[in-house]
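Chains, contacts and geometry: an overview
What follows is each chain in one-letter form.
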Amino acid sequence: MMKILRGTKRPWLERAAGIVLLAGTLTACNLEVFDPDIVQPEDVSDPASLPIAIAGVVGDFQLMYDDIARYTGLLTDEFILAGTFPTRVQVDQRDMLFDNATLNGVYENIHVARFSADNLVEGAQGLVGDPDADQDLVEQALAIGQFYGGYVRVLLAEMYCQSILGGGDETNPNYESSPKGPDERMQDGLTMLQAAQAAATAFGNADLADAAKVGQGRANMWLGNYAAAASAVASVGTGFEYMAEFSSNDPSQYNDVYDFTYSDTQQIRWTVGDGTQSERNFERFPFYDEFVDAGLLLPDPPASFQSFNSSILVHLQMIYPPPVAPGVPQTPPTANGQSAPMVIASGFEARMMEAEAAYRGGDVAGAEATINALLTTGDNPHGAIFAPVDLTGDFDSDIALIGYAYEAGMWLAGHRMGFVRRVLRNDNVDLFPSEQPGSDTAFPVVKQELDNNSDINQACPSGPPWS
């Protein structure tokens, strides 16, 4: 049985294996992305193309995942901009224009990843029962396509005020005649992740099945189904991790969070706010001191670590790459940063969802005990020791501390925005950075989509500000 590739970027696969990967045109949104290395939907109906298509789905997801972490981190409180691009400044200031050209790339990449996954599922479904097709491989393709397609839908719900798939093309099997709101899109993601778990279980891939369970938990938390979320992840081991993997073969394959925060092929364009930068409205990562104490932030790195915008001081993130020793950055940076993996789903997140569900169910002491067992013992993806939390029963302050605990294991991995946005939507507690002049809490659908898709005519149902 073919081993699942868990996140090698498309250029690496092209050079290493000399194969053509699935990139897909954006029939999802009428943003036409032409790529000579496309496997078209009809090509996936050929059993021989399934391994190529599977690799393409994984590669396309990873190609967008580190960008998602950078831009959602910038809109929330994980990052401040250390560069000068005005379009990126808009994101940092929570005051985005829908014709922001930088956001086109983020939008395109997420829809390429979604289209690739859906294309694989459609092709694999046509091969079910085909005597010429390896049915184990067909089952694997279904599970992988449903998993990554489901996760992209989770991200679309968490990030965007609305989203549309297949608009403008009624022949597309995913055609939608109008946009869907975040809750409806999240339900789509939940349904696909449930199917992914079933398919992964059928062909015996426990890791993919567990990752799908964590994804279901994340979707249920958004939808307010807290007990269902805890139930979905109950069997996932605390040490479980499902990763997006990167490569040091070429700069195009690097982990971009590392590349833009640690100064390798790029001068530093993203850094962490300590509340002293007037040009960034004195924004401060709310857990700055705790992360310095845990060794994951270096407040005064060597002088070689300079921002592109020299007026912005660098506060160096220390997880991509891991330091050579506690508190010691790599100077110069080395390949293990370029290929540093990123967590997609983890047992840490599973335990945190259980703890939050327990808290919401009235078990404050039990939630605190679960959280502190993760924080104070190093039982988190970073292996760091964090200060414990003291939950008092006051929801507004406690949910901020629960957010701190999530960050301890999911910092800079594209999770923070989903948490702070669902808490705002579900509980009316605003954890977005208040220092910035704008008040966007979601990304708008980009102008390029509106110009080319007859089935959508506004960036958001309301706004600006986008919410």
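Reference entry: report on the structure contained in this document. The shown structure was predicted, so the numbers you read here are calculated from the model rather than taken from an experiment.

A tally of regular secondary structure across the protein chain gives 16 helices and six strands. Carbon and sulfur atoms make up 50% of the accessible area of the protein chain, which totals about 16,100 Å².

This part covers the nonpolar core. Judged by nonpolar contacts, the single largest core of 142 residues is most densely connected at Phe147, Tyr148 and Phe443. Ranked by residue count, the leading element in this core is helix α5 (residues 135–159), at 15 residues.

Remark: helix α12 (residues 347–360) packs on helix α14 (residues 395–410), axes separated minimally by 10 Å, with the N-to-C direction vectors making an angle of 170 degrees. In terms of orientation, α12 and α14 fall into the roughly antiparallel class. Taking contact as the criterion, the partners of Phe348, Glu349, Met352, Met353, Glu356, Tyr359 and Arg360 in α12 are, on α14, Phe395, Asp398, Ile399, Ile402, Ala405, Tyr406, Ala408, Gly409 and Met410. When its residues are assigned to classes, the contact of α12 with α14 shows eleven nonpolar, one polar and four charged.

Along its 16 residues, α14 runs 22 Å from first to last C-alpha, staying within 8% of the 22 Å computed at 1.5 Å per residue. Asp398, Ile399, Ile402, Gly403, Tyr404, Ala405, Tyr406, Glu407, Ala408, Gly409 and Met410 are the residues of α14 that are buried. Packing partners of the buried residues in α14 comprise α7 (206–222), α10 (288–293), α12, α13 (364–375) and α15 (416–427).

One pass over the structure, following the stated rule, counts 20 aromatic pairs. A centroid spacing of 5.2 Å and a plane angle of 50 degrees characterise the contact between phenylalanine 147 and tyrosine 151, whose relative ring orientation is tilted. With phenylalanine 147 and tyrosine 151 both in helix α5, this residue pair falls four residues apart, about one helical turn. Taken as a pair, phenylalanine 147 and tyrosine 151 share a single burial class, namely buried. Members of the aromatic cluster, each reached through a chain of ring pairs, are Phe61, Tyr65, Phe147, Tyr148, Tyr151 and Tyr242. If you follow arginine 70 out to its NZ or CZ, it ends over the ring of phenylalanine 260, 4.1 Å from the centre. A cation over a ring is seen here: arginine 70 above tryptophan 270, with NZ or CZ 4.5 Å from the ring centre.

Bringing the state of the cysteines into the picture now. All chains considered together, the criterion is met by one disulfide. Here cysteine 161 connects covalently by a disulfide to cysteine 460, the sulfurs 1.8 Å from one another. Taking the torsion about the S-S bond as the criterion, the cysteine 161 to cysteine 460 disulfide, at about -90 degrees, is left-handed. Within this pair, whereas cysteine 161 is found in the loop between α5 and α6 (182–202), its partner cysteine 460 is found in the segment after α16 (447–452), the two being separated by 299 residues in sequence.

This part is about unusual backbone geometry. Peptide bonds are mostly trans, and most non-glycine residues show a negative phi. For the bond running from tyrosine 320 to proline 321, omega is 5 degrees, close enough to zero to count as cis. Here the amide bond leading from glycine 463 into proline 464 is cis, since omega sits at 5 degrees, within 30 degrees of zero. Positionally, proline 464 belongs in the segment after α16. In this structure, asparagine 281 takes a positive phi of about 60 degrees despite not being glycine. The residue asparagine 281 is located in the loop between β3 (270–271) and α10 in this model. The partly exposed category is assigned to asparagine 281, whose relative accessible area is 25%.

Here α12 spans 20 Å end to end across 14 residues, near enough to the 20 Å set by a 1.5 Å rise per residue. Of all 14 residues making up α12, eleven are buried, and the element is well covered by its neighbours. Taken as a whole, α12 has its buried residues at Gly347, Phe348, Glu349, Ala350, Arg351, Met352, Met353, Ala355, Glu356, Ala357 and Tyr359. Among the residues trailing α12, glycine 362 stands out with phi positive, at a value near 105 degrees.

Take the side chain of aspartate 274 next. Following the sequence through the fold, aspartate 274 ends up in the loop between β3 and α10. Within the buried core, aspartate 274 has no salt-bridge partner, and the shortest N-O distance to an opposite charge, that of arginine 284, equals 5.9 Å. Reaching out from aspartate 274, the side chain makes a polar contact with the side chain of threonine 276 at a distance of 2.7 Å.

Turning our attention to the pattern of salt bridges. Under the counting rule described, the total for this entry stands at 18 salt bridges. Residue aspartate 92 pairs with arginine 280 through a salt bridge whose shortest N-O separation is 3.5 Å. Taken together, the residues aspartate 92 in helix α3 (residues 86–92) and arginine 280 in the loop between β3 and α10 connect sequence positions 188 residues apart. Residue classification places aspartate 92 among the buried positions, given a relative accessible area of 1%.

Take the pairing of strand β6 (residues 342–346) next. Looking along a regular strand, one sees side chains alternate from face to face of the sheet. Counting buried residues in β6 gives five out of five residues, a clear majority hidden from the surface. Examined bridge by bridge, strand β2 (residues 241–244) and β6 share four bridges and lie antiparallel to one another. Within β6, the residue paired with glutamate 241 across the bridge is serine 346.

Conventions and cut-offs
- Residue numbering note: each chain is counted from 1, following its sequence as written.
- Selection of residues for local features in this predicted model requires a pLDDT of at least 70, selection of side-chain atom pairs for listing and counting requires 80 or more, and totals for whole chains, interfaces and linings are taken over all residues.
- Side-chain numbers come from the whole structure's heavy atoms, not from hydrogens or water.
- Counting from the N terminus, the helices are the DSSP runs of H or I reaching at least four residues and the strands are the DSSP runs of E reaching at least two.
- Here the open area of atoms and residues is found with the Shrake-Rupley method and a 1.4 Å probe, where only the protein chains shown may cover a residue.
- The nonpolar core is taken to be a set of buried Ala, Val, Leu, Ile, Met, Phe, Trp, Tyr and Cys residues, with the residues joined through side-chain atoms within 4.5 Å.
- The classification of residues rests on relative accessible area computed with a 1.4 Å probe and restricted to protein chains. Under 20% of the type maximum is buried, over 50% is exposed, and intermediate values are partly exposed.
- Note on method: axes are straight lines fitted to C-alpha atoms, helices fitted across the in-contact stretch only, with angles between N-to-C directions ranging 0 to 180 degrees.
- The scheme is simple: roughly parallel for angles under 35 degrees, roughly antiparallel for over 145, roughly perpendicular for 65 to 115, oblique for anything else.
- Residue contacts follow a heavy-atom distance rule, with two residues in contact if any of their heavy atoms lie within 4.5 Å.
- Each residue receives one of three labels: charged for Asp, Glu, Lys and Arg, nonpolar for Ala, Val, Leu, Ile, Met, Phe, Trp, Tyr, Cys and Pro, and polar for the others, Gly being one of them.
- A helix's residues, less one, multiplied by 1.5 Å, set its expected span.
- Aromatic rings from Phe, Tyr and Trp, with only the six-membered ring used for Trp, were paired whenever their centres fell within 6.5 Å, and each pair was classed as stacked if the ring planes differed by under 30 degrees, edge-to-face if by over 60, and tilted otherwise.
- Charge-over-ring contacts are defined here by two conditions on Lys NZ or Arg CZ: a distance within 6 Å of the ring centre and an angle within 35 degrees of the ring normal.
- Disulfide: a pair of cysteine sulfur atoms within 2.5 Å of each other.
- When charges are counted, neither His nor the chain ends are considered; positive counts come from Lys and Arg and negative counts from Asp and Glu.
- By convention in these notes, a salt bridge is any Lys or Arg side-chain nitrogen within 4 Å of a carboxyl oxygen on Asp or Glu.
- Think of a polar contact as two N or O atoms within 3.5 Å of one another; within protein, one of them needs to be a possible hydrogen donor and the other a possible acceptor, and neighboring residues in sequence only count if both atoms come from side chains.
- For two strands to pair, DSSP has to find at least two bridges joining them.

Purely geometric numbers; function is a separate question.
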